[in-house]
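The lines below spell out each chain.
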Amino acid sequence: MRPSPKTVLLLGATGTIGRATAKALLADGHKIIAPVRPGSDSNGLEVLVSSALTQASLSALMTDHACDAVISCVASRSGAPADAWAIDRDLNRALLRAATGAGVKQFVLLSAICVQKPKLAFQHAKLAFEAELQAAPITWSIVHSTAYFKSLSGQLNRLRAGKPFLLFGDGELTACKPISNDDLARYLVLCLTDPALQNRILQIGGPGPAITPRAQGEMLFHAMGLTPRYKHVPVAMMSAIVAGLSFLGKVSPRLRDKAELARIGRYYATESMLVWDDANGRYDADATPEFGTETLADHYKRLATEDIADDRGEHAVF
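Residues numbered from 1 in each chain as written. Predicted model: local features only at pLDDT ≥ 70, side-chain atom pairs only at ≥ 80, totals over all residues. Heavy atoms only, no water.

(A) View of the packing of aromatic side chains. Across all of its chains, the model carries seven aromatic pairs by this definition. Note on Phe 221 and Tyr 230: the rings are 5.7 Å apart at their centroids and 85° apart in plane angle, and the pair reads as edge-to-face. Given the relative accessible area of 22%, Tyr 230 is considered partly exposed. Taking 4.8 Å as the distance between ring centres and 70° as the angle between the ring planes, the aromatic pair formed by Trp 276 and Tyr 283 counts as edge-to-face. A connected cluster of aromatic rings, assembled from ring pairs, spans Phe 165, Phe 221 and Tyr 230. (Phe/Tyr/Trp six-rings, centres within 6.5 Å; stacked < 30°, edge-to-face > 60°. Buried < 20%, exposed > 50% of the residue type's maximum accessible area, 1.4 Å probe, protein only.)

Following this line, the structure appears as structure tokens:
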């Protein structure tokens with residue numbers, strides 16, 4: 001029996017995962033309330049309410065539309081400390097307080113699996129809000145997702161331009177179980193109706209074995225019909241860049257933010273997006289849950305024949 005449809009306020013509906021989540025909500029028969037900032041692209045949403053994103057305006061929307069649940073797909077674009085705390089904690093905090101004040105019963109949060117080993121401002125901001133959500137009088141689900149396909153597709157245009165695939169270290173330092181936009185969106189929507197996914201932190205990856213950056217390169221070269229060519233970037237070089245920008249950042253806010261972006265790049269070059277086994281001090285691919293059907297190899301095959309836009313924004317490293 002299909003669960004009764006809900007009225008869902010979706011925050012972050014114009015982002016990559018937000019767009020996919022809107023599609024998944026509509027496919028399951030739910031009604032969407034999607035507040036966006038002025039000038040944002042509605043992406044064809046059938047239900048759209050333009051509003052300033054404040055606690056008061058969000059509360060009014062949820063009350064006026066009798067919302068049953070909220071899903072938050074928002075995240076800071078740059079990862080810079082001020083942006084991270086303003087979005088990952090404060091905007092979500094406003095949403096939570098508005099939801100509890102309006103009598104909303106459920107909150108689904110898209111977070112990231114990298115918060116297991118927090119070293120960066122955006123990770124600490126995410127964890128700060130997660131703690132508030134778990135303590136709130138509301139049914140919650142916190143989804144710690146592994147890497148998205150889009151974050152592993154940024155070198156496509158390098159290869160099209162005849163450049164080599166960049167690897168940090170030997171290309172075997174990290175691994176992940178990447179998940180597609182649509183599969184992750186379906187998982188978020190499933191949290192609305194599956195009690196087993198509620199009041200839990202949910203670590204999730206895509207289907208298949210864990211994939212290293214070198215294996216990602218091999219997949220992409222194969223999909224494009226090219227002979228593999230690699231360029232190795234020493235992790236020590238990244239550390240030197242971080243150190244230099246951190247020193248200069250003492251007198252320049254702009255360079256201070258650049259230093260944080262460099263730290264983010266080094267983090268992803270050296271830390272796997274898998275479940276962390278604290279007892280044994282290692283990442284565990286076997287312990288990382290899988291969901292969905294679309295593989296990274298499938299995604300690369302499609303990209304090889306399509307002209308795609310790079311929407312990683314300020315998170316782009318390449």
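Next comes the rest of the write-up.
(B) The arrangement of the sheet that holds strand β2 (residues 31–33) in detail. Taken together, six strands build an open sheet; the order of strands is β2-β1-β5-β6-β7-β9 and the sheet is parallel. Both outer strands of the open sheet, β2 and β9 (200–204), are each paired with one neighbouring strand and no more. With strand direction ignored, the average angle separating the axes of adjacent strands in the sheet is 20°. Relative to strand β5 (residues 69–72), strand β1 (residues 7–11) runs parallel, the two sharing four bridges. In the sheet register, Leu 11 faces β5, and the bridge partner there is Ser 72. Running at roughly 155° to strand β6 (residues 106–112), helix α4 (residues 121–135) makes contact with β6, β7 (139–145) and β9 of the sheet. (Pairing = 2+ DSSP bridges. Helix = DSSP H or I, 4+ residues; strand = E, 2+ residues; numbered from the N terminus. Axes fitted to C-alpha atoms, helices over the stretch in contact; angles between N-to-C directions. Contact = heavy atoms within 4.5 Å.)

(C) Expanded view of helix α10 (residues 296–303). Those residues of α10 lying buried are Leu 296, His 299, Tyr 300 and Leu 303. All buried residues of α10 project into a common sector of 100° when viewed along the axis, lining one side. Residues of α10 that are buried in the fold lie against α5 (156–160) and α7 (213–224). (Arc of directions from axis to C-beta.)

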